[in-house]
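# Examination of the molecular architecture
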Amino acid sequence: MIFGKLRDSLQISLLLKTEPWKIAFDWISELNAGSTLEHDQRLDGKLKLGVDSYSPRPAEDCRFESHREFVDIQFLLSGGEVINVVSNEHLEPVGEYDSSKDVQFLKHPVDLPVSSLRMNCQYYAVFFPEDAHCPQIEDGEHTFSQKAVLKVHKSLFIQ
């Protein structure tokens, strides 16, 4: 997992040294609050972008998920939320893996340390296949959020 603000120059400058990160963050930086892009794809479907608008919910109403084929880059365009994160190593699946959406939902962890990321406007979080994440949790401050979710196929990172 990687977490930061888009303007964090050292972290971003290190990521941008490789082509997939550069393409991904260039694409994200083109977006702003109010973007209405539903879905777009680039690089033969190895980069997928969608923009979601929603009301954050109580943690117990949100689901942990992980992905096998894609790395998630979540970038908050407006509002705020909390994303809980834990290794998916010891979590039990809920239902079957959906290969068409590359998502496996997971039971909430019991007796495992969970990290909470407070996402505000211009913050991003990167989730790798080993990162179970539970997004869209209310932060006690914002009632509406808009987020871009960029999915980058893991093959773009293997040289």
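Let me begin by describing the structure that accompanies this report. Predicted model, so just to flag it, every value in this text is computed and none were measured.

Below, the discussion takes up the overall build of the protein. Along its length, the protein carries 2 helices and 12 strands. Moving toward the C terminus, one meets the helices and strands of the protein in the order β-α-α-β-β-β-β-β-β-β-β-β-β-β. Overall size of the protein, expressed as C-alpha extent along the three principal axes, is 40 × 35 × 30 Å. For the protein, buried positions account for 44% of its 159 residues. Charge separation in the protein, taken as the distance between the mean sites of 16 positive and 25 negative side-chain charges, equals 4 Å.

Time to look at the pattern of salt bridges. If you walk through the whole model with that rule in mind, you get 7 salt bridges. A salt bridge links Lys22 to Asp26; the shortest N-O distance between them is 3.0 Å. In this pair, Lys22 and Asp26 both sit in helix H2 (residues 19-29), 4 residues apart, roughly one turn of the helix. You can call Lys22 partly exposed: its relative accessible area is 35%.

Below, the discussion takes up the packing of aromatic side chains. Given two aromatic rings, one states the distance between the centres and the angle between the planes to describe the pair. Under the criterion given, the structure shown has 4 aromatic pairs. Each ring, one from Phe25 and one from Tyr124, has its centre 5.1 Å from the other, and the planes form 75 degrees; the classification is edge-to-face. Here Phe25, found in helix H2, pairs with Tyr124, found in strand E10 (residues 123-127); they are 99 residues apart in sequence, far enough to count as distant. Tyr124 matches Phe25 in its accessibility class, with the two residues each being buried. One aromatic cluster is present, formed by Trp21, Phe25, Tyr124 and Phe128 through successive ring pairs. Looking at Arg63, its charged tip hangs above the ring of Phe105, at a distance of 3.5 Å from the centre. Geometry around Tyr97 places Arg68 over its ring, the cationic atom sitting 3.8 Å from the centre.

Here we take up the nonpolar core. Membership of the largest hydrophobic core comes to 22 residues, with the highest contact counts inside it found for Phe25, Ile73, Phe75, Tyr124, Ala148, Leu150 and Val152. Among the elements of the structure, helix H1 (9-15), H2, strand E3 (47-54), strand E5 (70-78), E10 and strand E12 (145-153) are those that each provide at least two residues to this core. It is H2 that contributes the most residues to this core, 5 residues altogether. Membership of the second largest hydrophobic core comes to 9 residues, among which are Val86, Leu91, Ala132 and Cys134.

Calculation notes
Within each chain, residue numbers correspond to sequence positions counted from 1 in written order. In keeping with the predicted nature of the model, local features appear solely for residues at pLDDT of at least 70, side-chain atom pairs appear and are counted solely at 80 or more, and the whole-chain, interface and lining totals rest on all residues. Note that the side-chain values use all heavy atoms of the structure and ignore hydrogens as well as water. In this text, helices come from DSSP runs of H or I with a minimum length of four residues, and strands from runs of E with a minimum of two, each type numbered from the N-terminal end. Only protein chains enter the accessibility calculation, which uses a 1.4 Å probe; a residue whose area is less than 20% of its type maximum is buried, one above 50% is exposed, and one in between is partly exposed. All tallies of charge rest on Lys and Arg as positive and Asp and Glu as negative; His and the ends of each chain are not included. We put the charge of a Lys on NZ, of an Arg on CZ, of an Asp on CG and of a Glu on CD. Criterion for a salt bridge: a side-chain nitrogen of Lys or Arg within 4 Å of a carboxyl oxygen of Asp or Glu. Each Phe, Tyr or Trp ring (for Trp, its six-membered ring) is paired with any other whose centre lies within 6.5 Å, and the angle between the two planes then decides the class: stacked below 30 degrees, edge-to-face above 60, tilted in between. Criterion for a charge above a ring: Lys NZ or Arg CZ within 6 Å of the ring centre, and within 35 degrees of the ring normal. To form a nonpolar core, buried Ala, Val, Leu, Ile, Met, Phe, Trp, Tyr and Cys residues must be joined to one another through side-chain atoms within 4.5 Å.

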